[in-house]
Structure formats: structure tokens, C-alpha cells
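Residues per chain are reported as follows:
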Amino acid sequence: MSPSLVCKLALAALAVPSVVFAIPAPATFDRRVPGETAPVNTRAAPLKILMGNDDGWAEGNIRQLYADAKAAGHDVALSAGAKNGSGSSSLNIAFGVVKDALYGAIPDGAPQAGFNQTDPRLNYFNGTPVAAIANGFKDLTKKFWGGAKPDIVLSGPNVGSNLGAITLFSGTVGVASFAAGQGVPAIAFSSGDDTRVPFTALQPGDAPHLYSQLAMTITKQVTASAPFLPNDVLLNVNFPEKSAKCSKLEDFKYVFTTVYPLAPTIGCTESIRTPAEADVINSGACLVSISAMGSNKFDVDPAKQTTVFNKLKPILSCADVKDHILSAILPLGTVLGRRDDLEGGVAGTVEGVADSL
């Protein structure tokens, strides 16, 4: 029996079914933080969006989100790695000339940084995911926006979930964390689907189209008023895997969550607690988890949670998700279940460092 199969069976054994009740968040349930000003509707001009990921610039998920953001009229630039950088966390390492790029989308020997000849907004940087987004901040902001920072950074959608403890190792979360540390609002998106799809093989109806729609819905709500997010705060968003019952945008509900099960929380209502993101994604329902974390990759305090909750409230539902028996360690099962993906990303990082020596 393969190690990956053993890991999947172990995860299945831990995932005790949950009972889920999704109800709209009460319109009157508004915990305004003392001294917090009401949001101001500022969305008139297109957003300056910088995109990155840890799966590589040729991955279908990020290319679909890029296409949809452009179609929505936004000013978008993409800066992602030449190869898979999964599991590289917040490492900021440049590799040098390209070798063994993802899907062979870049020829060996190509320069460290480059762009698509037919669309110069599509940029690669041969380095870790954080190195790629850092290059976007350094060079692409000058090239496209006169040196102005992006309005928001969108990372992903990742191939595979990033829940609980795995966020500490995720390059997708690392990209968003870097942006938040630069004073720029950021969202890390991850999908429950481990299937990789090159952008050249995308077909209508493929899962990346759905994940992009979900990501754009959340981005629209976050950016509907200023400030988009509190300072040094990013969102960690996870989508369940596309399935027969979870196949259309309208099938999904959005739930405010915490990264860790024991984190201090504000609750969705006085009687329904805020669940942990792993519990929500493993519930089997069409629920999207949205957690507020700091650039340190841990849950923010209840005051900042409240600010984010109020910002997202128009799209939120409450979910009474029953705890798994071992919910505190379910993220470990997620890490084990994605072993092959993480090994590939770490191997790519090691090879990139070795090639640049």
C-alpha cells in the first residue's frame, strides 16, 4: 500500500461526519469595535491587483483567476514562480536562470525573470513564491503603476487545501503574509482539489473556473469599502472540492472561521461559535471557510476578527459545525494527504537553490 494511500485512509478515519446547519447571519448582529469608523464606499476605479501563488505561473487556477479579474475590469499583474514552490513557506530565495520549469512553459536557460510575449502582465520569476511576489512589488509596480503599491494581493487559488498548521508551510499563505507585511491587504485562496491543470489544458466547466468565481465574490466584498482589511491582516480562504452537489457558485455559503480550533473567537451569533476552518472544510457541505490571520500566520485578536466579520457580513452564513473528535490535529492529516505535492514543491526549491550556486 502506498504511503499516500495510507495517509488518505488515516485522514478519512479522523473525519467523523459533522452535522451542519447553515443559516444567514442576522442583519442586526453587528459588533462595532469601539472607535471603529463605518466603512466608506470607495469602489469606483478598477483595482490594482498583484497576483501570486506557490504552484507556479503556468498553473490553471491562477491563470483563470487572472483572466476573470481582467474581465471584471481590474488592472492586474501576475508575478509567480517558474516552478512548483509548494511547502516553501516564507522563504525568499532567487534561483537564477530557469531549469525544469513547470509544464515546460519556459525553456531551460531562460533568464531569471520574464513575461508572456502576448501579455506582458503575465510574469514569472525563478525563485520561491515569496521571492516572486517580492519581485512583483519591486519591479512590476514601477512598470505598470508608476511605483504605487497594489490595492490588494491575491494568492492562489492553491492546488489543495491550506488549513490550520499547514498554513505555516504554505507558499500560498507565505505570499499573502509577505503582502500584509508590506501594508497591502491580501487574500490567500486554496481549493480542496489536488488535481493540477496546466493553463493550456483548461476547459469550460473545469474546477478552476468555479474556484475563480468564488474568489472573485469574496474579493468584491472585501474591496467594496475602505479600508479593505485591518493593518497587517490577511484572509485565509479555503474552498471545498468541486462535486456533484457543490458545482455552481450559488451552491456555496461563506463561513467566518478561525485557523486553529482553540483560538479566541467572537462567535457567529450569541449561540453559534465561530468554527475552525478544518472543521468547516471537512464537514462535507458546500461551505467556504474564511479566516482572518496576521502576517505571523496566526489568528488575529477578537477585535480585528470583529472588523473583518462586519466587512464580510453581507455574504456570510452561520454554520453550526460539530467538532471532530480530533479536530485539533486534522490539519496534520491535510499535510500527510498532500505529501506528494509538498515533496514536489520542496524538491523544486532545493533544485533551484542548487542550480543557482
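Structural data are supplied above this passage.
Residues numbered from 1 in each chain as written. Predicted model: local features only at pLDDT ≥ 70, side-chain atom pairs only at ≥ 80, totals over all residues. Heavy atoms only, no water.

Q: How do you make sense of the sheet that holds strand β3 (residues 75–81) when you look at a structure like this?
A: Pairing between sheet strands relies on hydrogen bonds along the backbone, with the strands arranged either parallel or antiparallel. Strand order in this open sheet of nine strands is β4-β5-β3-β2-β6-β7-β8-β10-β9, and the pairing throughout is mixed. The strands lining the two open edges of the sheet, one partner per strand, are β4 (113–116) and β9 (253–257). In this sheet, neighbouring strand axes are inclined to one another by 25° on average, regardless of whether the strands run parallel or antiparallel. Two elements, strand β8 (residues 233–239) and strand β10 (residues 287–294), share six bridges in a ladder whose sense is antiparallel. Considered in β10, the bridge of Leu-235 is made with Ala-292. Seen against the sheet, helix α3 (residues 129–145) touches β2 (48–52), β3, β4, β5 (119–125) and β6 (152–158) and runs at an angle of roughly 145° to β3. The sheet contacts of helix α5 (residues 207–222) involve β6, β7 (186–191), β8, β9 and β10, and relative to β7 the element is tilted by about 155°. (Pairing = 2+ DSSP bridges. Helix = DSSP H or I, 4+ residues; strand = E, 2+ residues; numbered from the N terminus. Axes fitted to C-alpha atoms, helices over the stretch in contact; angles between N-to-C directions. Contact = heavy atoms within 4.5 Å.)

Q: Is there a simple way to explain unusual backbone geometry in this structure?
A: When glycine is set aside, most residues are seen to have a negative phi, and most peptide bonds are trans. For the bond from Gly-156 to Pro-157, the omega torsion is 0°, close enough to zero to count as cis. Along the polypeptide, Pro-157 turns up in strand β6. Each neighbour pair has its own omega, and for Ala-226 with Pro-227 the value is -5°, a cis peptide bond. Here Pro-227 shows up in the loop between α5 and β8. The backbone phi angle of Asp-232 is positive, close to 65°, even though this residue is not glycine. Within the fold, Asp-232 resides in the loop between α5 and β8. Of note in this structure, Lys-297 is not a glycine but carries a positive phi near 75°. Mapped onto the elements, Lys-297 comes out in the loop between β10 and α7 (302–312).

Q: Got a minute to help me understand the pairing of β3 in this structure?
A: Look at any regular strand and the pattern is simple: side chains alternate between the two faces of the sheet. In terms of residue burial, β3 counts as a mostly covered element, since six of its seven residues are buried. Two strands pair when backbone bridges link them, and β2 and β3 are joined in this way by four bridges, in the parallel orientation. Bridging from a neighbouring strand, Met-51 pairs with Leu-78 of β3. As paired elements, β3 and β5 share four bridges and run parallel to each other. Considered in β5, the bridge of Gly-81 is made with Phe-125. (Buried < 20%, exposed > 50% of the residue type's maximum accessible area, 1.4 Å probe, protein only.)

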